[in-house]
Structures are given as structure tokens and as C-alpha cells.
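This is what each chain is made of:
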Amino acid sequence: MVDSSLGRPPHLQDAPDGSDIRRDSSPIIFGNSIELRVSILIFLLSTLVLVIFSVYDYSSYKKDLMAELRHLATMLSSKLSRTLAAPVWDMDHKAATQVVEIEMEDPRVLAIVVFDVEGDQVLAGKQRRDDWSIGDYTGQFSGFYITESNMLVERNEYIGIVEVYISSRFVDQELARNIRNSILRTLFVESILVLTIFIFLRRILISPLITLTETAHAVTNQKQYNLRAASGGNDEIGVLIQSFNTMLEQIELRDRRLKAHRDDLEQEVQVRTRELEL
């Protein structure tokens, strides 16, 4: 036994019955501890869940943007089939070009071209250059795009075809921006989630186990069976700690009885020795 007069470490206190109680305010020990393993597990699981949600969010957002482009192509070709019918019928190239230029102000529009009814002759057309400025239609452009065409009808007669090309360039930029925001949002949510779960688990699971482990080490190394681990509540951890404390109480009681019996034997031997000497 260690003499109590030498003082106790700051994380021990004397119980009213003379036993020592180990508080659960001892520092966290990393390395191969359960705390480190639980932290890594929480981090990996939360990362996996958030990555899955981010991929789903990215796919849904991309699908919505592409649907919006297809809708734009359909609506614009339908609109131009009506507004270009009269200029094409009147062979007014200038008016048709002006209509095309007005619709090209939308940066998502890659090109607009008007063909004759056979589709051989270009009646009017504009397209984006590499620097995204507007130039004359050449039919040579790259990148992914959505196309939609409509017939030009005037006085119940087919007079031409309008084709609309919608670029996905800004969709890619928007998706890249969405990915950056999603990564930042994921990291923020993950940090809050991991911290919250870690604090919760540390309070109800890790700290009581660390306390129990340190108490067991002290009992093993110092043979101080009067130590007690702080109660962990009424859950499974609490029952484990209570059972451990009960075991220590039984061992301590056994040692006291053995010591008392040994003292009685020594006293009896001394008495018999004195009697023999007389």
C-alpha cells in the first residue's frame, strides 16, 4: 500500500469510506487508444456519407442545368420560327440578321442559322468565335452543344429552316463553381458533424473507458485495491464500472480479512512464545 500521507495525484480523491475515487477528468491518450480509432471511424463514415450526397447533388444539378438548356433551345427555336417567317418571306436579309443578333445576346446561344427550305443556302446566321464574340456563321465550332430546329412557315408554305445551337460552356463553369461550393460545404458540415459526434461519444463512452483503464492500471501496478473508478451512469458502461468497483471491494475486503487473520496469528504466536519463556 502507498502511504496516503505522501499525497494523491490531482485526479484522485478520498471517498467518505476511506477509498479513493478516480475522476474522469484525466487527459485523453491517443496512439493506439480507442479514442483515436473511434475518431478515424467517425471521420471516414461521415466523409463517405457526405461524398455520396455531394455526388448525388452534383448529378441532380447537372441534370437540371441540361434540362434548362434543352428547354431554352426548344423555346428559342419555336420563337424564331415565328419572328423570322416574315423577314425570310420578304427576302429581307437585314431584318432577319437583326432578329438573329438580338437572340445572340444571350451568352448561352452558340449559333443561330437560317437555311432555305432545301437546307442548302444560308439566309442568315451568326455564331460565337473562340473569344465568345459574335461573328458570321461558318458552321465550324467545337464543344458540347444542344441543337434544335424548326420550320419557317408563312401563308401555309414552308419557306425555310432555323437551327439553334445552345452551348454547355456556362453549364460546365456553373458545375465547377458548384463543385467548389459543395467541397467547402461538405468540409464545414463534416467538421461540425465529426466534432459533435466525437464530443458526444467521448462523454458517454470514451472518457468512462479511459477512467476505467487508468484505474485498472493503478490497481495492477500499485496493488491499491482501495481505488474506485468514477460511476459511469446506468447504461452498459456504468454497469461495467460498477461491477469493476464491486470486484475491487471484494478483493479489498478479502485482503483486510487476511491481514486481520495474520495479525491475530502473529499475536497468538507472541503470546505462546512469552508463555514458553516463563
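Residues numbered from 1 in each chain as written. Predicted model: local features only at pLDDT ≥ 70, side-chain atom pairs only at ≥ 80, totals over all residues. Heavy atoms only, no water.

Caption draft 1: Main features of the pattern of salt bridges. Tallied over the entire structure, the rule returns 10 salt bridges. Where Lys126 meets Glu101, a salt bridge forms, and the shortest distance between an N and an O atom there is 3.6 Å. With Lys126 in strand β4 (residues 122–128) and Glu101 in helix α3 (residues 93–103), this pair connects stretches of sequence that are 25 residues apart. The class for Lys126 is buried, based on a relative accessible area of 12%. Residue Glu174 is joined to Arg177 by a salt bridge in which the shortest nitrogen-to-oxygen separation is 2.3 Å. Of this pair, Glu174 and Arg177 both sit in helix α4 (residues 169–222), three residues apart, which is roughly one turn of that helix. For Arg177, a relative accessible area of 38% puts it in the partly exposed group. Here the salt bridges do not stand alone but share partners, grouping Glu68, Asp106 and Arg108 into one network. (Salt bridge = Lys/Arg side-chain N within 4 Å of Asp/Glu carboxyl O. Helix = DSSP H or I, 4+ residues; strand = E, 2+ residues; numbered from the N terminus. Buried < 20%, exposed > 50% of the residue type's maximum accessible area, 1.4 Å probe, protein only.)

Caption draft 2: Spatial organisation of the environment of Val113. Inspection of the secondary structure puts Val113 in strand β3 (residues 109–116). The class of Val113 is buried, set by a relative accessible area of 0%. Along the sequence, Val113 and Asp136 sit 23 residues apart, while their C-alpha atoms lie 9.6 Å from each other. When near neighbours in sequence (up to four residues on either side) are disregarded, Val113 contacts Val122, Ala124, Gly125, Tyr137, Ile161, Val162, Glu163 and Tyr165. (Contact = heavy atoms within 4.5 Å.)

Caption draft 3: The arrangement of α4 in detail. Of all the bends in α4, the largest measures some 55° and sits at Arg202. Directly beyond the C-terminal end of α4, a positive phi value near 60° is found at Lys223. (Bend = angle between axes of the 7 residues up to and from the residue.)

Caption draft 4: Inspection of the packing of α4 against helix α5 (residues 236–277) at higher detail. Two elements in contact, α4 and α5, have axes separated by 10 Å at closest approach and are oriented at 15°. Relative to α5, the element α4 lies roughly parallel. Classified by chirality, the crossing of α5 by α4 is left-handed. Along the contact surface, α4 presents Ile204, Leu205, Pro208, Leu209, Leu212, Thr215, Ala216 and Val219, while α5 presents Ile237, Leu240, Ile241, Phe244 and Leu248. Class assignment for the residues of the contact of α4 with α5 results in 12 nonpolar, one polar and no charged. (Axes fitted to C-alpha atoms, helices over the stretch in contact; angles between N-to-C directions. Parallel < 35°, antiparallel > 145°, perpendicular 65-115°, else oblique. Left-handed = near helix turned anticlockwise from the far one by under 90°. Nonpolar A, V, L, I, M, F, W, Y, C, P; charged D, E, K, R; others polar.)

Caption draft 5: Seen up close, the packing of aromatic side chains. Scanning the model with the defined rule gives five aromatic pairs in all. On the basis of an interplanar angle of 65° and a centroid distance of 5.1 Å, the ring pair of Phe141 and Tyr165 is categorised as edge-to-face. Residue Phe141 is located in the loop between β5 (134–136) and β6 (145–154), and its partner Tyr165 is located in strand β7 (residues 157–167); the two are separated by 24 residues in the primary sequence. Tyr165 matches Phe141 in its accessibility class, with the two residues each being buried. When the centroid spacing of 5.5 Å and the interplanar angle of 70° are considered together, the rings of Tyr145 and Tyr165 count as edge-to-face. With Tyr145 in strand β6 and Tyr165 in strand β7, this residue pair connects regions lying 20 residues apart in the sequence. Relative accessible area serves as the criterion here: at 10%, Tyr165 is assigned to the buried category. Following the ring pairs from residue to residue traces out a cluster consisting of Phe141, Tyr145 and Tyr165. Here the guanidinium or amino end of Arg169 rests over the ring plane of Trp132, the centre of that ring lying 4.3 Å away. We note Arg169 situated over the ring of Phe170; from NZ or CZ to the ring centre the distance is 5.9 Å. (Phe/Tyr/Trp six-rings, centres within 6.5 Å; stacked < 30°, edge-to-face > 60°. Lys NZ or Arg CZ within 6 Å of the ring centre and 35° of its normal.)

Caption draft 6: Here's a closer look at the sheet that holds β3. The strand order across the open sheet built from five strands is β5-β4-β3-β7-β6, with neighbouring strands paired in antiparallel fashion. Here the strands that pair on one side only, and so sit at the sheet edges, are β5 and β6. The mean angle between the axes of side-by-side strands here comes to 20°, regardless of whether they run parallel or antiparallel. Sheet topology places β3 next to β7; seven bridges connect them, and they run antiparallel. Each bridged residue has a counterpart across the sheet, and for Val114 the counterpart in β7 is Val162. Along the sheet, α3 contacts β3 and β4; its crossing angle with β4, the most-contacted strand, is approximately 25°. (Pairing = 2+ DSSP bridges.)

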